[in-house]
Amino acid sequence: QEQARRLLALQPRLGPEHREGAAAQLLLLGLSTEAALALLERSPALLRLPTERLRERAEELRRLGLDGGRLLRAVSRCPQL
């Protein structure tokens, strides 16, 4: 419930479907719910990306072999990733 509250508090002008879509793409990359939420809190620009664009970027990261722990380490060093 706490994580859902934090997710809904991000970018209040965006619809909940948009926030949930962004979180879903990060979860599909293998991030934990806490890691995905922390990433969205640190990089709110992710929420402004169209869901389709975020999905394309997630597919590219998977193609490059970045998922789960590897992705988390890479993003902690380079948040723009």
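Residues numbered from 1 in each chain as written. Predicted model: local features only at pLDDT ≥ 70, side-chain atom pairs only at ≥ 80, totals over all residues. Heavy atoms only, no water.

Per an unreviewed UniProt entry, the protein goes by the name MTEF4 factor and belongs to Platysteira castanea.

Within the secondary structure layout, Arg 77 lies in helix H6 (residues 68-77). Residue classification places Arg 77 among the exposed positions, given a relative accessible area of 69%. For Arg 77 and Arg 63, which are 14 residues apart along the polypeptide, the C-alpha to C-alpha distance reads 20 Å. (Helix = DSSP H or I, 4+ residues; strand = E, 2+ residues; numbered from the N terminus. Buried < 20%, exposed > 50% of the residue type's maximum accessible area, 1.4 Å probe, protein only.)

Here Arg 6 shows up in helix H1 (residues 2-9). Taking the relative accessible area as the measure of exposure, Arg 6 reaches 18% and is therefore buried. Among the polar contacts listed, one links the side chain of Arg 6 to the side chain of Glu 41, at a separation of 2.9 Å. Sequence-distant contacts of Arg 6, defined by excluding residues within four places in its chain, comprise Glu 34, Leu 37 and Glu 41. (Polar contact = N/O pair within 3.5 Å; in protein donor to acceptor, adjacent residues only side chain to side chain. Contact = heavy atoms within 4.5 Å.)

A volume near 250 Å³ is recorded for the largest pocket. If you trace the largest pocket, you find 17 residues lining it, with Leu 46, Leu 54, Arg 57, Gln 80 and Leu 81 closest to the centre. At the level of secondary structure, the elements contributing two or more residues to the lining of the largest pocket comprise helix H2 (16-28), helix H4 (45-48), helix H5 (51-63) and H6. With 4 residues, H5 is the single largest residue contributor to the lining of the largest pocket. (1 Å grid on protein atoms, 1.4 Å probe; cavity = no way out; pocket = protein on both sides within 12 Å on 5 of 7 lines; lining within 4 Å. Points joined across faces, edges and corners; volume = space filled by probe spheres on them.)

Attention now goes to the pattern of salt bridges. All told, the structure shown has 7 salt bridges when counted by the stated rule. Between Arg 5 and Glu 2 there is a salt bridge, with its nearest N and O atoms 2.4 Å apart. Of this pair, Arg 5 and Glu 2 both sit in helix H1, separated by 3 residues, roughly a single helical turn. Of the charged contacts in the structure, one is a salt bridge between Glu 60 and Arg 63, with a shortest N-O distance of 2.5 Å. Pair noted here: Glu 60 and Arg 63 are both in helix H5, with a separation of 3 residues, about one helical turn. The structure contains a network of salt bridges with shared partners spanning Arg 6, Glu 34 and Glu 41. (Salt bridge = Lys/Arg side-chain N within 4 Å of Asp/Glu carboxyl O.)

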